[in-house]
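Results of the structural survey
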Amino acid sequence: MTTETTSTPDPNTNPAPTPNPNPSSLIHPRREPFEHGLLPIPKLIFPDPTPTLIQLKQQLSTHNRVSSSLLADSLQISTDHARLILDTLASVLHSDSDPLVKARPDEVDSVGADLRDLILFLYIQSYKKLLPRTHKDAAAVADVWPSTSAFDGYLSALSPLQLVRSNSRRPSQADEEAHQLSYLKKHMANILSLLAEPVEGEGEGEGEREREREESLVLSMEGFEHLGFLLQFGDKGSEVVTLSQAAPFFANSDPDMPAVPAPATQVHDWISQNIASALEHITERISSKENGPANSSDSDVAMTDACTSSIKTSPGARGSCFIEGISKLSFVKQPSDLKGSSSVKVLNCHDSILYILAPLRYATIYGCSDATIVLGAVGKAVRVEHCERVHVITAAKRVCISNCRECVFFLGVNQRPLMVGDNHTLQVAPYNTFYSELEEHMADVGIDATINRWDETLALGVVDPHDSSSHPAGVPDVQAEPVARVDPDQFTNFLIPNWFGAESPGSTKDNPFQLPKAYLASQQRNVCGLALKLIKTIYNKMMEELYNCILIELDICNAPYLFQIKNLGETKKLLREAPLEENQKRELSSALHLLFKDWLYGNNYLNSCFSSLV
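Residues numbered from 1 in each chain as written. Predicted model: local features only at pLDDT ≥ 70, side-chain atom pairs only at ≥ 80, totals over all residues. Heavy atoms only, no water.

This brings us to the overall build of the protein. A count of helical and extended segments in the protein gives 21 helices and 19 strands. In the protein, which comprises 614 residues, the share counted as buried stands at 48%. Look at the contacts in the protein between residues 6 or more apart in sequence, and 61% of them connect residues 24 or more apart. (Helix = DSSP H or I, 4+ residues; strand = E, 2+ residues; numbered from the N terminus. Buried < 20%, exposed > 50% of the residue type's maximum accessible area, 1.4 Å probe, protein only. Contact = heavy atoms within 4.5 Å.)

Further remarks concern the environment of Leu438. Tracing the backbone through its elements, the reader meets Leu438 in helix H16 (residues 438-445). For the pair Leu438 and Ala358, spaced 80 residues apart in the sequence, the C-alpha separation amounts to 8.1 Å. Among all residues touching Leu438, those that are not within four sequence positions of it are Tyr431, Thr433, Thr508 and Pro512.

The next subject is the packing of aromatic side chains. Summed over all chains, the structure comprises 10 aromatic pairs. Judged by centre distance (5.1 Å) and plane angle (80 degrees), the rings of Tyr127 and Tyr183 are edge-to-face. Of this pair, Tyr127 sits in the loop between helix H7 (115-123) and helix H8 (138-141) while Tyr183 sits in helix H10 (residues 173-195), and the two are 56 residues apart along the sequence. The same class applies to Tyr127 as to Tyr183, namely buried. By way of ring pairs, the aromatic residues Phe410, Trp454, Phe491 and Tyr519 are connected into one cluster. (Phe/Tyr/Trp six-rings, centres within 6.5 Å; stacked < 30°, edge-to-face > 60°.)

On to the nonpolar core, then. Among soluble globular proteins, nonpolar side chains are generally buried collectively. With 77 residues, the main nonpolar core has Leu122, Leu184, Phe224, Leu227, Phe229, Leu231 and Ile271 as its most contacted residues. At 10 residues, the largest contribution of residues to this core is made by H10. Both domains that furnish three or more residues to this core are identified here as domain 1 (26-150 + 172-199 + 215-275) and domain 2 (320-490). Sequence-distant contacts of Leu184, that is, excluding residues within four places in its chain, are made with Pro29, Phe34, Ile191, Leu230, Leu231 and Ile275. Counting residues in hydrophobic clusters, the runner-up holds 57 residues, among them Leu338, Ala358, Val374 and Ile496. (Core = buried A, V, L, I, M, F, W, Y, C linked by side-chain atoms within 4.5 Å. Domains from an automatic or database assignment.)

It is worth spelling out the pattern of salt bridges at this point. For side chains bearing opposite charge, pairing can occur when the charged atoms are close. Evaluated as defined, the whole model comprises 21 salt bridges. Residue Asp80 pairs with Arg416 through a salt bridge whose shortest N-O separation is 3.7 Å. A residue pair is termed long-range when its members are at least 10 positions apart, and Asp80 in helix H4 (residues 79-92) and Arg416 in the loop between strand E15 (408-413) and strand E16 (418-420) qualify at 336 residues. Residue Asp80 is classed as partly exposed on the basis of its relative accessible area of 44%. Residue classification places Arg416 among the partly exposed positions, given a relative accessible area of 25%. The residue Asp106 makes a salt bridge to Arg104 at a minimum N-O spacing of 3.9 Å. When its relative accessible area of 42% is taken as the criterion, Arg104 is described as partly exposed. Through salt bridges that share partners, Arg31, Glu35, Glu176 and Lys345 make up one connected network. (Salt bridge = Lys/Arg side-chain N within 4 Å of Asp/Glu carboxyl O.)

Before going further, it helps to spend a moment on the side chain of Ser91. When you line up the elements, Ser91 lands in helix H4. Among the polar contacts listed, one links the side chain of Ser91 to the backbone oxygen of Thr88, at a separation of 2.6 Å. (Polar contact = N/O pair within 3.5 Å; in protein donor to acceptor, adjacent residues only side chain to side chain.)

Every second residue of strand E9 (residues 330-333) is oriented toward a common face, the buried set being Phe331 and Lys333 and the non-buried set Ser330 and Val332. Bridge analysis of E9 against strand E11 (residues 353-366) gives four bridges, and the strand direction is parallel. If you follow Lys333 over to E11, its bridge partner there is Ile356. (Pairing = 2+ DSSP bridges.)

Here helix H2 (residues 49-59) has its buried residues at Pro49, Thr50, Leu53, Leu56 and Lys57. Projection of H2 onto a plane perpendicular to its axis shows the buried side chains occupying an angular sector of 130 degrees, all on one side. Along H2, exposed side chains directed more than 90 degrees from the buried face belong to Gln55 and Gln58. Each element contacted by the buried residues of H2 is listed here: helix H3 (68-75), H7 and H10. (Arc of directions from axis to C-beta.)

The next thing to look at is the confidence of the model for the protein. Per-residue pLDDT for the protein averages 77, and the proportion of residues at 70 or more is 63%. Element-level pLDDT for the protein is lowest in H8, with a mean of 41, against a maximum mean of 98 in E15. Long-range and interchain partners of residues 134-157, a stretch whose pLDDT sits below 50, account for 37 contacts in this model, where long-range means more than four residues apart. Taken as a whole, residues 294-310 scores under 50 in pLDDT and shows 38 contacts with residues more than four places along the chain or in a different chain. (pLDDT = per-residue confidence, 0-100.)

For strand E10 (residues 343-347), the tally of buried residues reaches five of five residues, placing the bulk of the element in the interior. Neither face of E10 is left uncovered, since the one carrying Ser343, Lys345 and Leu347 and the one carrying Val344 and Val346 both have all their residues buried. Across five bridges, strand E8 (residues 320-324) lies against E10 in parallel orientation. Across the sheet, residue Cys321 finds its bridge partner in E10, namely Val344. For E10 and E11, the ladder comprises five bridges, and the chain directions are parallel. Opposite Ser343, over in E11, you have Tyr362 as the bridge partner.

Dropping the structure here:
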């Protein structure tokens with residue numbers, strides 16, 4: 001008995017020669033799923049993901065898109081975690097045209113995720129981040145943090161920055177890319193088996209049918225494109241090339257006809273060769289850096305060296321801008337300074353104020369201390385990691401905070417802030433600033449100012465299974481420390497200087513996020529108190545400058561008493577106690593008020609003070 005396969009290629013015939021790696025550009029991992037898409041949810045860490053996900057794929061095969069409720073039932077997880085998976089997947093998807101990416105928050109459950117993208121997302125939850133390069137005296141720093149205590153059973157108290165510096169340096173971008181490519185190369189056969197479909201084959205028994213099934217898996221062009229979630233072509237600074245454009249299997253397909261599926265074995269060979277070529281290139285690059293002069297982007301800036309280190313701001317691979325080693329400075333980046341970069345990484349900055357006022361897709365803040373960092377509008381995700389005593393102000397779609405201490409976050413976020421790892425003494429508050437182009441930048445990246453979930457934090461536990469550098473194997477998970485809200489009485493607006501002056505190009509005149517009532521009332525009280533304090537300050541400043549000339553303006557015999565005037569309180573006291581007639585006191589008071597008014601309108605000090613008040 002024979003079975004027609006029409007246009008489907010027969011994998012048992014001689015396949016086309018395995019293509020050579022793409023000569024024009026190298027293959028790269030998409031960094032976003034590995035940097036912003038890993039969730040420390042224990043039920044997503046499968047010991048052997050392939051059979052589990054094949055079973056899940058079969059279970060959900062009648063659904064092209066998977067809602068959060070269906071996902072919660074299938075994986076036996078909470079609806080909160082299922083919704084978190086969909087929101088996280090949407091933030092790292094490779095196609096902005098996917099309905100999940102474009103869905104409003106109240107539409108996410110009904111729109112759901114593409115089953116193939118979801119399967120790939122769940123598969124990479126088994127990924128382990130690259131360990132930092134060890135210290136030369138590895139034994140001296142092994143397992144330095146965290147360690148269990150005989151007294152309380154909790155994790156020891158080395159700070160996030162001490163942990164970062166307990167090793168000689170963090171992995172470089174090239175190190176991490178090589179690690180991600182190696183992971184994908186190792187698991188590519190399993191990944192392709194999850195995307196491929198079997199061809200009806202011949203066989204007499206069950207074993208024969210199973211063998212033929214494994215050998216006859218084919219990948220459609222549509223299924224192949226879903227690999228774009230994990231891989232892409234494109235050199236540094238060049239345009240990203242889709243996989244189907246780079247691959248020879250579908251290069252000459254007729255756009256008016258369905259593309260002929262390609263054998264999974266042939267796809268595997270082609271991808272493996274491209275990855276091997278890319279790894280060889282990265283190895284050569286790393287070797288040349290290690291043998292050449294030190295590169296500041298590959299090493300951490302120690303606190304003792306921070307004030308003397310050079311500032312590094314450079315465009316990175318595929319649309320990233322690195323801001324590194326800033327110390328004791330105010331630093332500004334605007335859209336024109338980013339040269340088209342869609343993501344920013346702020347690394348090892350200390351005792352500084354950083355303003356990054358631009359529309360971004362992704363932002364990472366790592367290893368910073370005693371700093372205030374203002375991020376403009378971030379449309380995909382913000383990650384803050386290993387920071388101490390940092391104030392972060394951002395309008396973003398979502399934010400993830402990992403292994404931080406004594407930090408305050410002023411947030412305008414459309415999704416629940418995610419707390420991961422060993423965080424201590426963190427506070428959150430509503431968004432508290434604006435700049436002239438903020439609303440335009442928010443519109444560019446899709447942030448909704450009517451939704452702010454700043455205080456709905458979601459903690460996923462202290463132990464991050466993806467990051468064994470923070471918590472070695474065997475350390476039990478403990479309950480995460482709760483995050484506190486900033487006291488409304490301590491809440492203040494943050495003023496961003498207007499570098500454009502009167503020619504500011506934007507239209508934003510106020511905070512686009514509505515403040516909760518308690519914070520709004522506190523802000524109004526603070527403004528009134530600040531205004532009163534400002535008036536007193538101005539009056540005292542005026543009196544210091546004018547008390548010598550008042551004698552010339554006033555024809556009062558007892559005016560020498562005014563030489564003693566120091567401040568507003570003394571002025572009132574002297575007016576009461578001065579040996580003057582009541583009409584003379586009124587004349588003196590009126591003269592002082594007129595002088596004060598003239599001085600206000602004629603002195604630049606007023607403008608600067610009022611600017612500070614606003």
